[in-house]
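Examining the three-dimensional arrangement
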Amino acid sequence: MADGILLLDKPQGFTSFDVIAKLRGMTRQKRIGHAGTLDPMATGVLPCLFGSATRLCDCMPCEEKTYQAGVAFGITTDTQDLTGQVLSQSDAPLPESALCQVLPSFCGEIQQIPPMYSAVSVGGKRLYDLARQGLEVERPSRTVTIHSLTLLAYDEEQRRALLEVTCSKGSYVRTLFHDIGTALGCGAALFSLRRTASSGFAIGQCITLEEAQRLTDEGTLLDRLLPPSAAFSSLPRFSVGEWQARMLENGVALRLSKLGNPAPGRYAVWHKDRFLGLGTVEKQADGMKLKRF
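Residues numbered from 1 in each chain as written. Predicted model: local features only at pLDDT ≥ 70, side-chain atom pairs only at ≥ 80, totals over all residues. Heavy atoms only, no water.

Turning our attention to the nonpolar core. In terms of nonpolar packing, the biggest core is built from 30 residues, with Phe-73, Leu-149, Leu-176, Phe-177 and Ile-180 touching the most fellow members. Among the elements that line this core, the one with the most residues is strand E10 (residues 142-155), at 5 residues. Setting aside anything within four residues of it in sequence, one finds Leu-149 in contact with Leu-103, Phe-106, Cys-107, Leu-163, Glu-164, Val-165, Leu-176, Phe-177 and Ile-180. If you look at the next biggest cluster of nonpolar residues, it comprises 18 residues, including Leu-7, Met-60, Ala-231 and Phe-232. (Core = buried A, V, L, I, M, F, W, Y, C linked by side-chain atoms within 4.5 Å. Buried < 20%, exposed > 50% of the residue type's maximum accessible area, 1.4 Å probe, protein only. Helix = DSSP H or I, 4+ residues; strand = E, 2+ residues; numbered from the N terminus. Contact = heavy atoms within 4.5 Å.)

Rendered as structure tokens:
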């Protein structure tokens, strides 16, 4: 069984699970997961996790994601994108200056209410299942961070824009622009969404599903897997000796005084050229814990 990360450029019209199902069929490997769900309409970076790398899902150190979003102003839908049913339309003009004026107020920490068409669970039921039944339930708001929001292009006559968004894990880009449209008084919905970076990986590192199939036919797809350590390249590297490595791998939390008293935080722990795992030092703790992959 292979272990590692395959960076895929998810095509439009596929769910993230569809992609995983395709990869299972190609590789005959059952233990495959992914980091960061993409809607069927969205394309772009989807880190696919093989074997022991599936344990990375909950501990990717870089949680920021970057998107290029195509936004149509003057319309709202039940899905907050143009695949849904139209709820309202407005013919009001939207000058570029008005759009640029409102964008800064949506940067930093903001509150979002997850859309009904999302995988969030409320009362043990997925919101999208309730939405398909025509139901709408109250959803608690959540705090997310919009690190940057940049207007790349705007057609004032068509009221269509291309914007780049860098945001925290758990942010809904559809909801971000729905809320911006509400603030502008005209409504807004996505017509395209492309994730260009996720979990520290960029779109230029990805292969398409067609390329994955070609590599499968050649018998070389699994050669494209990145090691689990690639997910931790943004973390400080922490090197340990042979006996320390052996103790950590056996589940022993080594005292910080034996490790040079590292500061609280997360570390990529190595012994020479061998990646051991994610080392965590909690505040006021006296030892380092290691999570292996």
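Once you've had a look at it, read on.
Quick look at the sheet that holds strand E14 (residues 237-239) now. The 5 strands lie next to each other as E14-E16-E17-E18-E15, forming an open sheet whose pairing is mixed. Two strands lie at the open edges of the sheet, namely E14 and strand E15 (254-255), each paired on one side alone. Relative to strand E16 (residues 265-271), E14 runs parallel, the two being bridged by 3 bridges. Pairing of Arg-237 across the sheet is with Ala-268, part of E16. (Pairing = 2+ DSSP bridges.)

Another aspect to go through is the state of the cysteines. With the rule as written, the count across this model stands at 0 disulfides. The cysteine Cys-107 is free of any disulfide, with Cys-167 supplying the nearest cysteine sulfur at 11 Å. Given the relative accessible area of 30%, Cys-107 is considered partly exposed. As a non-bridged cysteine, Cys-186 has Cys-100 as the owner of its nearest cysteine sulfur, 14 Å distant. (Disulfide = S-S within 2.5 Å.)

This part takes up a nonpolar patch on the surface. A surface patch of nonpolar side chains, amounting to about 250 Å² of accessible area, comprises Trp-243, Met-247 and Val-252. Within the secondary structure, Met-247 is located in helix H6 (residues 242-249). Classification of Met-247 by relative accessible area gives partly exposed; the value is 32%. (Patch = residues over 30% accessible without salt bridge, like charges linked within 9 Å, V, L, I, M, F, W, Y side chains within 5 Å. Areas by Shrake-Rupley, 256 points an atom, 1.4 Å probe, with all protein chains shown as cover. Salt bridge = Lys/Arg side-chain N within 4 Å of Asp/Glu carboxyl O.)

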